[in-house]
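One-letter residues, chain by chain:
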Amino acid sequence: MICLLAISCSPEADQHDTAPSCQDGSPPDEWYPDADADGYGIPWGSTISCEPPAGTAPEVGDCDDDDPSIHPGAPELCDGIDNDCNPALGDEASFTTADGQVVPLSERLATGSADEPLLVRLAAPGRLELCAGTWFASLDISADVEVVGAGSGVTTLDAAYEGPVVPIGSDTVTSLRGLTLQGGRADYGGGIAAWARSTVVIDDVPLRDDVAGECGGGLYALDAAGEILNSTITESASSSHGGGAGVGSALCLVGGSWDIESSTITENFTRSDNDGNSGGEVGAIVVSAGEFSISNSEVSDNSAADGTGGLLCSDASLDISGSVFSGNESDSADAPHPEYYNLHAIYADNCSGTIADSLVMSNFGGGVFVAGSTFSIDRTVVKENLADECAGGIYVSGGSDVELTGSSVTGNAAACGGGLAVADSVCRMTDTVVEANEASGTGGGMVIAYESSVEIDGGRIAGNAAAAGGGAYLATADDIQGDQLESRDADWGIDDGDNTPSDVAIQGLDDAYAYGEAASFTCDSTGCR
């Protein structure tokens, strides 16, 4: 008997026709010779074994086992070599039509230059494959098209500021993957412009150095739907309404539905126009009149000449989870931030949604502003944000209804309401920490103004400091009815952790109120009890 398996065998096993197995009971695997150790082997000379023999790979299909840069899935380099072991597509840029015809494009694309970029019109359904290199071209898409590059750090489309890089027409389905888009310029959407009823998936696509005269230096979308995945939008600019999304330098998303996931939006900015007029209301993202989500992403170091550096939500639904907003600045004209202009990193105007498991930190202009909106803020840290007016951390105003659960508001600073300011709104806090915030005027921890109601259930309000009302300051009027502040079993600090100069102060009253651990009380314009 000849045994070809690298496991024990016996005549009895042959007689009973029993299939061989490894010690764990699983069948052995087939291993292929892999001389160049690129993870892909050749089909001849394979070995069946429970353990991988030296110099083998579990995958087959290598068309050059002497070169580790050549294997299935490798980027095509347009070098006359079949780098990805896919001879059907050859080694050049190509467009494959829906019926399987392959149209070579490398020679045509090579005619584009920085002085005169090429315009490629894709008016029929199909798949465009671009190999490595920088192509001075833009793609005008008016059909269902998939565009695939060799990788975001390998393939680049550069429009040389002669137009948008990828304009996408209405009623189309487009996928962009594995390429960098740069050097776009348009009034709306310098990098990508997606129009009504289009569906767009953007995956591993850096958008950089794109410019919009009005809105969305990186991406502008009107009544479209899409996803932005594993991508970076950076160094995009706009003059009028931000550089990125909506009225922003990076992204401008108006209507429709968009999900932003595992992406980074950083160092985008707005600027004055050619006539010196100040413009650019949002440094990074604008979302309006639609449904939007941002998850596991970073929005950082963006700036606006005349507005919020981070995100503006207007008349929309917005859910933020697992994300970081940091270092965004509301007034780039006077950088490095001599004044912390009061437009916060996340600005929600007539929006509904959530901020969960996120970090809002070190933004100049404040952390979160909610006006006329309903929001829940869960398990989120709002820390070390600065505002020159009110609410370094969170501003709740204009009839908003906001609930904080398991969150912390710490180390923020402003003229009033170092941690929070609540004006004509309802704010409920459960197991939330408001600590070590500062106000040069009133309300180190929080200011409660006008017809507002703040309910605090558990949690901690301690170590805050202000000229008056270290923990909380009630700015009210005699004709306002009902309790403005209610504390239930909350810790208001003692000894070194106490609020300075008092836990609670009320406008027009000389009394200052001090509490301790597990304190329950209510306050209105007449006092606390």
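Each chain has its residues counted from 1, running along the sequence as written. Residue-level local features of this predicted model are given only where pLDDT is at least 70; pairs of side-chain atoms are given and counted only at 80 or more, and the full residue set underlies all totals for whole chains, interfaces and linings. With hydrogens and water stripped out, all remaining heavy atoms of the structure feed into the side-chain values.

Caption draft 1: Focus on the state of the cysteines. Any two cysteine sulfur atoms lying within 2.5 Å of each other are counted as a disulfide. Summed over all chains, the structure comprises 6 disulfides. Residue C63 pairs covalently with C85 via a disulfide, S to S 2.2 Å. Handedness of the C63-C85 disulfide follows from its S-S torsion of about -85 degrees: it is left-handed. Here C63, found in the loop between β5 (59–60) and β6 (94–97), pairs with C85, found in the loop between β5 and β6; they are 22 residues apart in sequence, far enough to count as distant. Partly exposed residues are those whose accessible area sits between 20% and 50% of the maximum for their type, while under 20% is buried and over 50% is exposed, using a 1.4 Å probe and protein chains only. C63 gets classed as partly exposed once you look at its relative accessible area, which sits at 46%. The exposure class of C85 is buried, given its relative accessible area of 17%. Two residues, C215 and C252, share a disulfide whose sulfurs are 1.9 Å apart. The sign of the S-S torsion, about 85 degrees, decides the handedness of the disulfide formed by C215 and C252: right-handed. Of this pair, C215 sits in strand β21 (residues 211–215) while C252 is found in strand β26 (residues 251–254), placing the two residues 37 residues apart along the sequence. Only runs of H or I of at least four residues qualify as helices and only runs of E of at least two qualify as strands under DSSP, and these elements are numbered from the N terminus.

Caption draft 2: A look at the nonpolar core. The criterion is simple. A nonpolar core is a set of buried Ala, Val, Leu, Ile, Met, Phe, Trp, Tyr and Cys residues joined through side-chain atoms within 4.5 Å. If you look at the biggest cluster of nonpolar residues, it comprises 92 residues, and the most contacted ones within it are L181, L251, W258, L485, W492 and V504. Of all hydrophobic cores here, the second largest spans 18 residues; its members include F369, A423, V447 and A475.

Caption draft 3: The sheet that holds strand β4 (residues 56–57), seen in detail. A pair of strands is labelled paired if DSSP reports no fewer than 2 bridges between them. Here 3 strands make up an open sheet; going across it, the order is β3-β1-β4 and the pairing antiparallel. Strands at the two margins of the open sheet, each flanked by one partner only, are β3 (47–49) and β4. Where strand β1 (residues 29–33) lies against β4, 2 bridges are found, and the strand directions are antiparallel. The partner of Y32 across the bridge, within β4, is A57.

Caption draft 4: Representation of the environment of D495 within the structure. Relative to the elements of secondary structure, D495 occurs in the loop between β54 (485–490) and β55 (504–506). Taking the C-alpha atoms as reference, D495 lies 9.5 Å from G463; in sequence the two are 32 residues apart.

Caption draft 5: Inspection of the pattern of salt bridges at higher detail. Each salt bridge in this description consists of a side-chain nitrogen of Lys or Arg and a carboxyl oxygen of Asp or Glu lying within 4 Å of one another. Tallied over the entire structure, the rule returns 15 salt bridges. Between R488 and E455 there is a salt bridge; the shortest N-O distance is 3.7 Å. Of this pair, R488 sits in strand β54 while E455 sits in strand β51 (residues 453–457), placing them 33 residues apart in sequence. Each of R127, E129, E146 and R177 takes part in a single network of salt bridges with overlapping partners.

Caption draft 6: Spotlight on the packing of aromatic side chains. Stacked, edge-to-face and tilted are the three classes for Phe, Tyr and Trp ring pairs, Trp counted by its six-membered ring, which pair at centre distances within 6.5 Å; planes under 30 degrees apart are stacked, over 60 edge-to-face, the rest tilted. Taken as a whole, this structure holds 6 aromatic pairs when the rule is applied. Relative to F369, the ring of Y347 has its centre 4.5 Å away and its plane inclined at 5 degrees; by these criteria the two rings are stacked. Here the residue Y347 occupies a position in strand β36 (residues 346–349), and F369 occupies one in strand β39 (residues 368–371), the gap between them amounting to 22 residues. Note on W492 and F521: the rings are 5.4 Å apart at their centroids and 55 degrees apart in plane angle, and the pair reads as tilted. Residue W492 is located in the loop between β54 and β55, and its partner F521 is located in strand β57 (residues 519–524); the two are separated by 29 residues in the primary sequence. Classification of W492 as buried rests on a relative accessible area of 0%. Feature note: the residues Y188, W195 and Y220 constitute an aromatic cluster, connected by ring pairs.

Caption draft 7: Structural detail: the pairing of strand β22 (residues 219–222). Where strand β18 (residues 192–194) and β22 come together, 3 bridges link them in parallel fashion. Residue pairing for β22: I192 is matched across the bridge by L219. Pairing of β22 with β26, which is carried by 4 bridges, proceeds in the parallel orientation. Bridged to L222 within β26 is V254.

Caption draft 8: Expanded view of the sheet that holds β21. Here we have 4 strands laid out as an open sheet, ordered β17-β21-β25-β29, and parallel in their pairing. Where the open sheet ends on each side, the last strands, each with one partner, are β17 (185–188) and β29 (269–270). Bridge count between β17 and β21: 3 bridges; the pairing is parallel. Directly across from R185, in β21, lies its bridge partner V211.

Caption draft 9: Expanded view of unusual backbone geometry. Each neighbour pair has its own omega, and for T500 with P501 the value is 0 degrees, a cis peptide bond. With respect to the helices and strands, the residue P501 is situated in the loop between β54 and β55. Even without being glycine, Y450 reaches a positive phi, approximately 60 degrees. With respect to the helices and strands, Y450 occurs in the loop between β50 (446–449) and β51.

Caption draft 10: Broad picture of the environment of D65. Checked against the element boundaries, D65 lands in the loop between β5 and β6. Once the C-alpha coordinates of D65 and P33 are considered, the two residues, 32 residues apart in sequence, prove to be 8.6 Å apart. Once residues lying within four places of it in the same chain are set aside, the contact partners of D65 are P33, D34, A35, D36, Y40 and I42. We define a polar contact as two N or O atoms separated by no more than 3.5 Å, with the added condition that, inside protein, one atom must be a possible hydrogen donor and the other a possible acceptor, whereas residues neighbouring each other in sequence contribute only through side-chain atom pairs. Here the side chain of D65 touches A35 through a polar contact of 2.8 Å, landing on its backbone nitrogen. Every residue pair with non-hydrogen atoms within 4.5 Å of one another is taken to be in contact.

Caption draft 11: Seen up close, the confidence of the model for the chain. pLDDT expresses how confident the predictor is about each individual residue, on a scale running from 0 to 100. Chain-level statistics for the chain give a pLDDT mean of 88 and a share of 87% at 70 or above. Overall, residues 274–278 carries pLDDT values under 50, and its contacts beyond four positions in sequence, including any with other chains, amount to 4 contacts. Segment residues 332–341 is flagged for pLDDT under 50; beyond a separation of four residues in sequence, or across chains, it makes 17 contacts in the model.

Caption draft 12: View of the side chain of S314. On the secondary structure map, S314 appears in strand β33 (residues 311–314). Judged by relative accessible area, which is 19%, S314 ranks as buried. Reaching out from S314, the side chain makes a polar contact with the side chain of D315 at a distance of 3.3 Å. Setting aside residues no more than four positions away along its own chain, S314 makes contact with V287, S288, A289, D349 and C351.

Caption draft 13: Structural view of the pairing of strand β30 (residues 285–288). Side chains I285 and V287 of β30 all project onto a buried face; the interleaved residues V286 and S288 project onto the opposite face, where all are buried too. Note: β30 against β33, 4 bridges, orientation parallel. Bridge pairing links V286 to L312 in β33.

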